[in-house]
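A closer look at the structure
Here is how the chains run, residue by residue.
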Amino acid sequence: MNIQLDWFGCAPLPKWESQIHHALERFAAMKPVTRALVRVEELKEGTPRYHISMTLSIPGPDVLARSWGHTFDEAMIKLNATVHKTLTMRAMNARQLTGAARGVKPSHRG
């Protein structure tokens, strides 16, 4: 997996980088990720202070998620929840599309 981290308005802390890498490993376990772009912004004025955006290149449509929070941890929790929900919904929809029909509807019976 190719990972690109962009930091705007803040210095990268080792704790933050490890949180991002850990999240990317969990997402890669759910679906193979070829490329990940993560952008972390810290705004000096206004609220919420931290904005995180993530783009995951996966088979099928790419996943784009954005989150924001007053702390980095809050924004990261929201981002993890958003990406996890998107990946699980796509997996569920893929299973439904490939599943066989359970039976014939009553209106089609003879």
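Look up a bit, the structure's there.
First things first, this report covers the structure right here in the doc.

Quick look at the overall build of the chain now. Helix and strand content of the chain: two helices and four strands. Tracing the chain from N to C terminus, the helices and strands come up as β-α-β-β-β-α. Residue burial in the chain is summarised as follows: out of 110 residues, 28% are buried. Across the chain, every contact between residues at least 6 apart in sequence was considered, and the portion connecting residues at least 24 apart equals 46%. Summing over all exposed atoms, the chain offers an accessible surface of approximately 7,400 Å²; the carbon and sulfur share of this is 56%.

Let us look at the pairing of strand S2 (residues 35-42). Burial along S2 is one-sided: Ala36, Val38, Val40 and Glu42 are buried, while Arg35, Leu37, Arg39 and Glu41, pointing the other way, are not. Read from strand S1 (residues 2-8) through helix H1 (residues 14-30) to S2, the crossover connection turns out left-handed. Across eight bridges, the pairing between S2 and strand S3 (residues 50-57) is antiparallel. Its bridge partner lying in S3, Val38 is registered against Met54.

As a further point, take the environment of Leu79. Position of Leu79 among the secondary structure elements: in helix H2 (residues 72-98). Since its relative accessible area comes to 0%, Leu79 is described here as buried. Each C-alpha atom of the pair Leu79 and His51 lies 9.8 Å from the other, and the pair is 28 residues apart in sequence. Leaving out residues up to four positions away in the same chain, Leu79 has contacts with Ile52, Met54, Ala65, Arg66 and Ser67.

Between side chains of opposite charge, pairing is possible as soon as their charged atoms come close. Counted by the stated rule, this structure contains four salt bridges. Its salt-bridge partner being Glu41, residue Arg39 comes within 3.1 Å of it at the nearest N-O pair. Of the residues examined, Arg39 reaches a relative accessible area of 33% and is grouped as partly exposed. What makes Glu41 partly exposed here is its relative accessible area of 25%. Here Lys78 and Glu74 are joined by a salt bridge, their closest N and O atoms 3.4 Å apart. Residue Lys78 and its partner Glu74 are both found in helix H2; the two are separated by four residues, about one turn of the helix.

So, how was this worked out
Residues numbered from 1 in each chain as written. Predicted model: local features only at pLDDT ≥ 70, side-chain atom pairs only at ≥ 80, totals over all residues. Heavy atoms only, no water. Helix = DSSP H or I, 4+ residues; strand = E, 2+ residues; numbered from the N terminus. Buried < 20%, exposed > 50% of the residue type's maximum accessible area, 1.4 Å probe, protein only. Contact = heavy atoms within 4.5 Å. Areas by Shrake-Rupley, 256 points an atom, 1.4 Å probe, with all protein chains shown as cover. Right-handed = clockwise from strand over helix to strand, strands pointing away. Pairing = 2+ DSSP bridges. Salt bridge = Lys/Arg side-chain N within 4 Å of Asp/Glu carboxyl O.

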